[in-house]
Protein chains: 2
Amino acid sequence: MSSENIETRTRILEATVRILEDHGGRDVRMSDIARATGISRQAVYLHFASRAELLVAATRYLDEILDVDRRLAPSRAATSGTQRLTLFIDCWGHYIPEIYGVAKALLLAQETDEAAAAAWDDRMQAMRDGCRAAIEALHSEAKLAPEWTPKGATDALWTMLLVPNWENLTGNCGWSTRQYVRRMKTVATRTFIKESIRPGKK
Amino acid sequence: MSSENIETRTRILEATVRILEDHGGRDVRMSDIARATGISRQAVYLHFASRAELLVAATRYLDEILDVDRRLAPSRAATSGTQRLTLFIDCWGHYIPEIYGVAKALLLAQETDEAAAAAWDDRMQAMRDGCRAAIEALHSEAKLAPEWTPKGATDALWTMLLVPNWENLTGNCGWSTRQYVRRMKTVATRTFIKESIRPGKK
DNA sequence: CTCTACACTTGACACAATGTCAATTGACAC
DNA sequence: GTGTCAATTGACATTGTGTCAAGTGTAGAG
């Protein structure tokens, strides 16, 4: 039955997300996912053509559950560029830890797999759009620091917020999510907002 | 003869560095290195126990050639924290493109190999020391922005300067080395130096 | 001149993990 | 009952690392 089909597919995705979170996205084989789902390794291939396709589907599945659009609403509704920037960092900083396992797996798969690379790239471009929107908002209010063009500032902000940086700061440097959010706001505020009108600490 | 031995070893390292630079550190197999050296694949294992060991040796070999210590001298000799910070970024920004191929290969190997991970980590800790020295210099002159502790600022500066960020900015964002250096100085200066005494654009 | 040492070669193989293929099982629907 | 379809089992191709064993060629030592 087709509902069986879909049910199994969903069970695979659930197991994939769970096991990737557990293992931080590393050392998870197709056979591990199959075992966690309770089916044979080959059965996974009846639903997903390749490991990369499964990872991409798991990413989408997780995003649906986490409801990214709703999370981004506050930033989109911001009444100033400064607010938009800090609310975006808030949103992103709390989002990363929830997707980290799956994101890391995709990030690793990206090195060897075209499809995974494209999926990751697509995701990161969406994040870049959020950065650009915040920078554009600042720019249109003439609050962007004079050293920056909107494009340069977007590049810099985007890069700072990339997952490997979060990984380094929370993993190797021991920052908490709270510290990450607070300090990335500090970096972004100090770096991009013209000092004459810069607000004090949040 | 032992000199033959060392000569071959050096030829392998030369070929490794060359081929890694050519390929941006990706898709370089032991057999490719052997072919580029002009020996059999197995002969490479007579000189290096594993791919990771070869990559680590290639990194050291390249560092010898590039004379990292000499390059760092200006930053070390800086008379102010601000100068130390910007000279460090200068040095680092011009160093990365020269080591990128080998660094990227080590970075990729790191994901699957303990020894490569340790070697990379060691290298990055050395870079972190440079960051810490610059931040400490600022701190001791009371020029560090009040939002930051020395440790937090070191973490943040270190993370910003990591290789994957350079990769994203120069690769995906199209920044030149000149732009990278200039803009990273802007980010670091604006982020970490107390505004009352911050200098104008370099 | 021969013996030995040594770097290197050739070819075969173990090992992981992905992905493919073919034959089979079991359940449900008509 | 028969066909359909998901899933199973087991075998196999592939790719790259790393290991092993036997053989080649050269150079120095006796």
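Residues numbered from 1 in each chain as written. Chains lettered and ligands numbered in written order. Predicted model: local features only at pLDDT ≥ 70, side-chain atom pairs only at ≥ 80, totals over all residues.

Caption draft 1: Main features of the packing of helix α10 (residues 177-192) of chain A against helix α10 (residues 177-192) of chain B. Closest axis-to-axis distance for the α10(A)/α10(B) pair is 8 Å, and the angle between their directions is 110°. Considering the angle they form, α10(A) stands roughly perpendicular to α10(B). Together, Val187(A), Arg190(A) and Thr191(A) of α10(A) and Val187(B), Arg190(B) and Thr191(B) of α10(B) make up the contact between the two elements. Here the contact of α10(A) with α10(B) is composed, by residue class, of two nonpolar, two polar and two charged. (Axes fitted to C-alpha atoms, helices over the stretch in contact; angles between N-to-C directions. Helix = DSSP H or I, 4+ residues; strand = E, 2+ residues; numbered from the N terminus. Parallel < 35°, antiparallel > 145°, perpendicular 65-115°, else oblique. Contact = placed C-beta atoms within 7 Å. Nonpolar A, V, L, I, M, F, W, Y, C, P; charged D, E, K, R; others polar.)

Caption draft 2: Representation of the relation of the copies chain B and chain A in the model. Aligned on chain A, chain B shows an RMSD of 0.0 Å; the corresponding rotation is 180° and the shift along the axis is 0.0 Å. Read as a symmetry element, the transformation amounts to a two-fold axis. When you check the interface residues of chain B against chain A, 100% turn up at the interface there too, and the contact is symmetric in its surfaces. (Least-squares fit on C-alpha atoms with pLDDT ≥ 70 in both.)

Caption draft 3: Highlighting helix α7 (residues 114-140) of chain A. Residue and element names in this part refer to chain A. Between its terminal C-alpha atoms α7 stretches 38 Å, which fits the 39 Å expected from 27 residues at 1.5 Å a residue. Residues Ala116, Ala119, Trp120, Gly130, Cys131, Ala134, Ile135, Ala137 and Leu138 constitute the buried set of α7. Of the surrounding secondary structure, the elements contacted by the buried residues of α7 are α4 (51-66), α5 (68-76), α6 (81-110), α8 (150-160) and α10. Positive backbone phi, approximately 60°, marks Ala142, located one or two places after α7. (Expected span 1.5 Å × (residues − 1). Buried ≥ 20, exposed ≤ 12 C-beta atoms within 10 Å, placed from the backbone.)

Caption draft 4: Seen up close, unusual backbone geometry. With a phi close to 55°, Asp67(A) is a non-glycine residue in the positive phi region. For Asp67(A), a count of 10 C-beta atoms within 10 Å gives the class exposed. The phi dihedral of Asp27(B) falls on the positive side, at around 55°, and the residue is not glycine. In this structure, Asp27(B) sits in the loop between α1 (2-23) and α2 (30-37).

Caption draft 5: Molecular detail of the domain arrangement of chain A. Residue and element names in this part refer to chain A. Taken domain by domain, chain A comprises domain 1 (2-51) and domain 2 (64-197). For domain 1 and domain 2, the distance between their C-alpha centres works out to 30 Å. Taken residue by residue, the interface counts nine residues in domain 1 and eight residues in domain 2. Element by element, the count of residues in the side of domain 1 that touches domain 2 is highest for helix α1 (residues 2-23), at four residues. Taken together, the residues of the side of domain 1 that touches domain 2 sort by class into three nonpolar, three polar and three charged. (Domains from an automatic or database assignment.)

Caption draft 6: The arrangement of the protein's contact with DNA strand D in detail. Lining the immediate environment of DNA strand D, one finds 17 residues, of which Thr8(A), Ser40(A), Ala43(A), Ser50(B) and Arg51(B) sit closest. Those elements giving two or more residues to the surface near DNA strand D turn out to be α1 and α3 (41-47) of chain A together with α2, α3 (41-47) and α4 (51-66) of chain B. Of the residues contributing to the surface near DNA strand D, the split by class is seven nonpolar, seven polar and three charged. (Near = placed C-beta within 6 Å.)

Caption draft 7: Broad picture of the protein's contact with DNA strand C. Around DNA strand C sit 18 residues in total, of which Ser50(A), Arg51(A), Thr8(B), Ser40(B) and Ala43(B) are the nearest. Secondary structure elements with two or more residues in the surface near DNA strand C: α2 (30-37), α3 and α4 of chain A together with α1 and α3 of chain B. Sorting elements by how many residues they give to the surface near DNA strand C places α1(B) first, with four residues. Per-class residue counts for the surface near DNA strand C are seven nonpolar, eight polar and three charged.

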